[in-house]
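Residues per chain, in single letters:
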Protein chains: 2
Amino acid sequence: MENTTLKDYVIGLDMGGTNSIFGIVDARGTIKAQTAIKTTAYPDVKDYVKAAVEALGPAIDVVGGIEHIKGMGIGAPNGNYYTGNIEYAANLVWEGVVPIARLFEEALGVPVRVTNDANAAAMGEMTYGVARGMKNFIMITLGTGVGSGIVVDGKIVYGSDGFAGELGHLVIDHTSNGRKCGCGRSGCLETYCSATGVARTAREMLASSTEPSPLREIKPEEITSYDVFKAAEQGDATAIGIFEYTGRLLGRSCADFCTFNTPEAFVFFGGLTKAGDFLMNPLRKAYDEHVLSIYKGKAKLLVSALNGSEAAVLGASALGWEE
Amino acid sequence: MENTTLKDYVIGLDMGGTNSIFGIVDARGTIKAQTAIKTTAYPDVKDYVKAAVEALGPAIDVVGGIEHIKGMGIGAPNGNYYTGNIEYAANLVWEGVVPIARLFEEALGVPVRVTNDANAAAMGEMTYGVARGMKNFIMITLGTGVGSGIVVDGKIVYGSDGFAGELGHLVIDHTSNGRKCGCGRSGCLETYCSATGVARTAREMLASSTEPSPLREIKPEEITSYDVFKAAEQGDATAIGIFEYTGRLLGRSCADFCTFNTPEAFVFFGGLTKAGDFLMNPLRKAYDEHVLSIYKGKAKLLVSALNGSEAAVLGASALGWEE
């Protein structure tokens, strides 16, 4: 009686370089069952998919079997929505082009969609989060790097090649002082406004002053954005200044991004958002100062309200509802 | 027999601050009839619409009457696609919000769509020009200012408010050296890469060197981008350097724009494109140098092939085919 089966659940896979986390998710964004495998443990992707399907078995049983699953969404590094492939992902054990969607479709018998983690996060916010009901917004993920997912008319912008929405690599400092980026160029947004960018700013600011700061007790190369946050919480002026610098640059950049699709909102997600007002106050201030007058007051600057540890799985799962 | 009438034509209106040019256009982009009125001659927009409809009469008769017209498209300053209004256009005689689409719909009895001139240009390229068949591209208009029309999945990006796609006001110099812009801010792309930006660059370059140049025979404040082009054609190193500077900045900016929607092409239109290779060679070079490696070689950098004097009317008319 396939026709009368309610396909009320989707599978979300948050694929990281180290771990792969799977969730069975309902339409409200509740994770009904969860499981995980080590991504690194399977040098052959076919073994990975086999292990994943085995691990998923009991989780799928929780919701009554695969006939209750509408589809699967995967958030993966360099995931290409158009092809369903992971293409040349530097942080994964598999080299070259990996037809991950096809492999899971063959193994599970349900439609599978793939995209990168920032686009998955945008889908998650649109489906279950603060962007519900929004048709035009920009997701900014602030982790080790800066990712983005751009939504126009209710759809993720994948561009001509499936790799659109890389605002972390928009160059915000074109002078010769621009920070070297992992992409081989200089001055990219993510060299300033990621967790690693914050640590870099901390090292620069500590080196260029003699102001006392608890951050001086940490070896410069070991300072993390979390250390900066803890110091800011203690009222350390240097740490507060680091977030001000970061927030200002991010706010100014978002003002520039407005010229593309005048979003209803920017949604910020990821470790750095834990800095709260230390980051968001200067961000909002810089945004208001820099945005073109016709756009003033139009976009909300929001922080994701999704549970951090669940958000990536939820985001990936949101792709499973398509079609 | 309304049902059997072939609605094979659309009306395009290119509304400028001074003149309004109307064309009756077929599906191939041939202008079958043309007419014009002075925009400035009608302080009341109702009189303007009345005069326009009168002027259009004989042109519409050329194609067999209004029953052969599918719709009308208007390219107007601050034209808002969503509302059909012109909103607070500084260069027009009418103040505030003008319901231009509704007024023409009532007068002509056909659907009317409005947008700004850069979006209209993008529609024109997609419908009749070098972007035919493209689903993702960015139109850049290089006139007195720099306008843009962004196409994602075959549709113009209007954004949350109808005013998306203002890449001319993306700030490309965030330092204190950024050029003052008419928008009240500093460092906007259009202060460098418009016709007026080229004239500004010319004045700066001439003031900062003693190199002989035919441009020195013109009063600095009277130099135009056309003068610079003529000098470049004569082999003047300063003039060639001015276009190199302009092209490099524009190419670098387009490399940044790639991160939004990885377009299949950038299409350049407007007076400055007459500079040809003086502009386009450094533009292409800078684009290749600056674009993120995953985007390298993907986007074409094209110059509009539409007849300059007809392009604005064609672009506007393209909106008339919608629905």
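Structure report, in brief. Remember, predicted model here, so these are calculated numbers, not experimental data. (Residues numbered from 1 in each chain as written. Chains lettered and ligands numbered in written order. Predicted model: local features only at pLDDT ≥ 70, side-chain atom pairs only at ≥ 80, totals over all residues. Heavy atoms only, no water.)

What to know about the overall build of chain A
What counts here: Numbering goes from the N terminus for both helices and strands, where a helix is a DSSP run of H or I of at least four residues and a strand is a run of E of at least two. The reference for a compact globule is 2.2 Å times residues^0.38; the radius of gyration itself is calculated from the C-alpha atoms. Each residue is placed in one exposure class: buried if its accessible area under a 1.4 Å probe, protein chains only, is under 20% of its type's maximum, exposed if it is over 50%, and partly exposed if it falls in between. We call two residues in contact whenever any of their non-hydrogen atoms come within 4.5 Å of each other. In these tables, accessible area is a Shrake-Rupley quantity obtained with a 1.4 Å probe, and a residue counts as shielded only by the protein chains included in the view. The sign given to each residue is positive for Lys and Arg and negative for Asp and Glu; His and the chain ends receive no count. Here the site of a charge means NZ on Lys, CZ on Arg, CG on Asp, or CD on Glu.
Scanning chain A for helices and strands turns up 9 helices and 13 strands. For chain A, the C-alpha radius of gyration of 21 Å lies close to 20 Å, the compact-globule estimate for 323 residues. Dimensions of chain A, computed from C-alpha atoms along their principal axes, come out at roughly 70 × 45 × 35 Å. The buried share of chain A, taken over its 323 residues, is 57%. Contacts in chain A between residues far apart in sequence, at least 24 positions, make up 62% of those at least 6 positions apart. Surface exposure of chain A reaches about 13,200 Å², of which carbon and sulfur atoms provide 50%. The positive charge centre, built from 28 side chains, and the negative charge centre, built from 37, are 4 Å apart in chain A.

A short note on the pattern of salt bridges
Residues and elements named next belong to chain A. We apply this condition: Just to be clear on terms, a salt bridge is a Lys or Arg side-chain nitrogen sitting within 4 Å of an Asp or Glu carboxyl oxygen.
Here the structure, examined in full by the defined rule, presents 14 salt bridges over all chains. One salt bridge in this structure joins lysine 230 and glutamate 233, with 3.3 Å as the shortest N-O distance. Of this pair, lysine 230 and glutamate 233 both sit in helix 6 (residues 225–233), 3 residues apart, roughly one helical turn. On the basis of relative accessibility, which here comes to 48%, the residue glutamate 233 falls in the partly exposed class.

Focus on the packing of aromatic side chains
For clarity, the cut-off: Pairing of aromatic side chains here covers Phe, Tyr and the six-membered ring of Trp, requires ring centres within 6.5 Å, and sorts the geometry by plane angle: under 30 degrees stacked, over 60 edge-to-face, intermediate tilted.
Inspection of every chain in the model, using the stated rule, returns 22 aromatic pairs over all chains. With a centroid separation of 6.5 Å and 20° between ring planes, the pair formed by phenylalanine 243 of chain B and phenylalanine 278 of chain B is classed as stacked. Of the two residues, phenylalanine 243 of chain B is situated in helix 7 (residues 237–261) and phenylalanine 278 of chain B in helix 8 (residues 277–290); the sequence distance between them amounts to 35 residues. Overall, phenylalanine 278 of chain B belongs to the partly exposed group, its relative accessible area being 25%. A network of ring pairs unites the aromatic residues Tyr42, Tyr48, Trp94 and Phe104 of chain A as a single cluster.

Focus: unusual backbone geometry
Although it is not a glycine, asparagine 78 of chain A adopts a positive phi angle of roughly 55°. When you line up the elements, asparagine 78 of chain A lands in the loop between strand 4 (69–75) and strand 5 (79–80). One non-glycine residue, tyrosine 88 of chain B, adopts positive backbone phi at about 50°. Mapped onto the elements of the fold, tyrosine 88 of chain B is located in the loop between strand 6 (85–87) and strand 7 (97–98).

Overview of the packing of helix 6 of chain A against helix 7 (residues 237–261) of chain A
Residues and elements named next belong to chain A. We apply this condition: As a rule, the C-alpha atoms of each element are fitted with a line to give its axis, helices using only the stretch in contact, and angles between N-to-C directions run from 0 to 180 degrees. Convention used here: angles under 35 degrees read as roughly parallel, angles over 145 as roughly antiparallel, angles from 65 to 115 as roughly perpendicular, and any remaining angle as oblique. Crossings are assigned a handedness: left-handed for a near helix turned anticlockwise from the far helix by less than a right angle, right-handed for a clockwise turn. Amino acids are sorted into nonpolar (Ala, Val, Leu, Ile, Met, Phe, Trp, Tyr, Cys and Pro), charged (Asp, Glu, Lys and Arg) and polar (every other residue, Gly among them).
Where helix 6 meets helix 7, the axes come as close as 7 Å, and the angle between the chain directions of the two elements is 120°. Between helix 6 and helix 7, the crossing angle belongs to the class labelled oblique. For the pair helix 6 and helix 7, the crossing hand works out as left-handed. Where helix 6 approaches helix 7, its residues Ser225, Val228, Phe229, Ala231 and Ala232 are matched on the opposing element by Ala239, Ile240, Ile242 and Phe243. A per-class count over the contact of helix 6 with helix 7 returns 8 nonpolar, 1 polar and no charged.

Regarding the relation of the copies chain B and chain A
Selection criterion: To line up the copies, we fit them by least squares on C-alpha atoms, keeping just the residues with pLDDT of at least 70 in both.
Superposing chain B onto chain A takes a rotation of 180° combined with a translation of 0.0 Å along the rotation axis, leaving an RMSD of 0.0 Å. The superposition operator between the copies reduces to a two-fold rotation axis. Comparing interface residues between copies, 100% of those in chain B also lie at the interface in chain A; the contact surface is shared.

Observations regarding the interface of chain B and chain A
Defined as follows: Polar contact is defined as a pair of N or O atoms within 3.5 Å, subject to the rule that within protein one atom must be able to donate a hydrogen and the other to accept it, and that residues adjacent in sequence are counted only when both atoms are side-chain atoms.
On the chain A side, the residues contacting the 38 residues of chain B number 39 residues. In this structure, the connection of chain B to chain A is made through 2 salt bridges. Measuring nitrogen to oxygen at the nearest pair gives 2.8 Å for the salt bridge that ties lysine 298 of chain B to aspartate 161 of chain A. Counting across the interface, chain B meets chain A through 22 residue pairs in polar contact (both at pLDDT 80 or more). The element contributing the most residues to the side of chain B that touches chain A is helix 7 of chain B, with 5 residues. Its residues placed into classes, the side of chain B that touches chain A shows 18 nonpolar, 11 polar and 9 charged.

Concerning the side chain of threonine 262 of chain A
As for its placement among the helices and strands, threonine 262 of chain A is situated in the loop between helix 7 and strand 12 (265–269). The class for threonine 262 of chain A is buried, based on a relative accessible area of 2%. Setting aside its immediate chain neighbours within four residues, threonine 262 of chain A contacts Tyr295 of chain A together with Tyr158, Gly159, Ser160, Asp161, Phe163 and Ala164 of chain B.

Quick notes on empty space enclosed by the protein
Which entries qualify depends on this criterion: Using only the protein atoms, space was sampled on a 1 Å grid; points where a 1.4 Å probe fits but cannot get out form cavities, open sets with protein on both sides within 12 Å along at least five of seven lines form pockets, and lining residues are those with an atom within 4 Å of a point. Grid points are joined across faces, edges and corners, and a volume is the space filled by probe spheres set on the points.
With the rule as written, the count across this model stands at 1 cavity of 30 Å³ or more. Of the pockets and cavities examined, the largest cavity occupies roughly 70 Å³. The wall of the largest cavity is formed by Val152, Asp153 and Lys155 of chain A together with Val152, Asp153 and Lys155 of chain B. Class assignment of the residues belonging to the lining of the largest cavity gives a composition of 2 nonpolar, no polar and 4 charged.

Let's talk about the sheet that holds strand 5 (residues 79–80) of chain B
Pairing between the strands of a sheet comes from backbone hydrogen bonds, and it takes one of two forms, parallel or antiparallel. All names here are of chain B. Rules: Any two strands with at least two DSSP-identified bridges between them are counted as paired.
Pairing in this open sheet of 3 strands is antiparallel, and the strands run 5-6-7 from one edge to the other. A single partner strand is all that each edge strand has here, and the edge strands are strand 5 and strand 7. As defined by bridge partners, strand 6 adjoins strand 7 across 2 bridges and the pair is classed as antiparallel. Directly across from isoleucine 86, in strand 7, lies its bridge partner valine 98.

Let's talk about the pairing of strand 4 of chain A
All names here are of chain A. By the criterion of burial, strand 4 is predominantly enclosed, with 6 of the 7 residues buried. Direction of pairing for strand 1 (residues 9–15) relative to strand 4: parallel, over a ladder of 6 bridges. Along strand 4, the bridge assignment pairs tyrosine 9 with isoleucine 69.

Notes on the sheet that holds strand 5 of chain A
Residues and elements named next belong to chain A. If you walk across this open sheet you meet the 3 strands as 5-6-7, and the pairing is antiparallel. One side of each edge strand has no neighbouring strand; the edge strands of this open sheet are strand 5 and strand 7 (97–98). Summarising the sheet, strand 5 and strand 6 (residues 85–87) pair through 2 bridges and their orientation is antiparallel. When the bridges of strand 6 are listed, asparagine 80 appears paired with asparagine 85.

Some thoughts on the environment of glycine 251 of chain A
Residues and elements named next belong to chain A. If you trace the backbone, glycine 251 turns up in helix 7. Separated by 30 residues in the primary sequence, glycine 251 and asparagine 281 place their C-alpha atoms 9.5 Å from one another. The contact partners of glycine 251, leaving out residues within four places of it in the chain, are Leu283, Ala286 and Tyr287.

These values are about where atoms sit, not about what they do.
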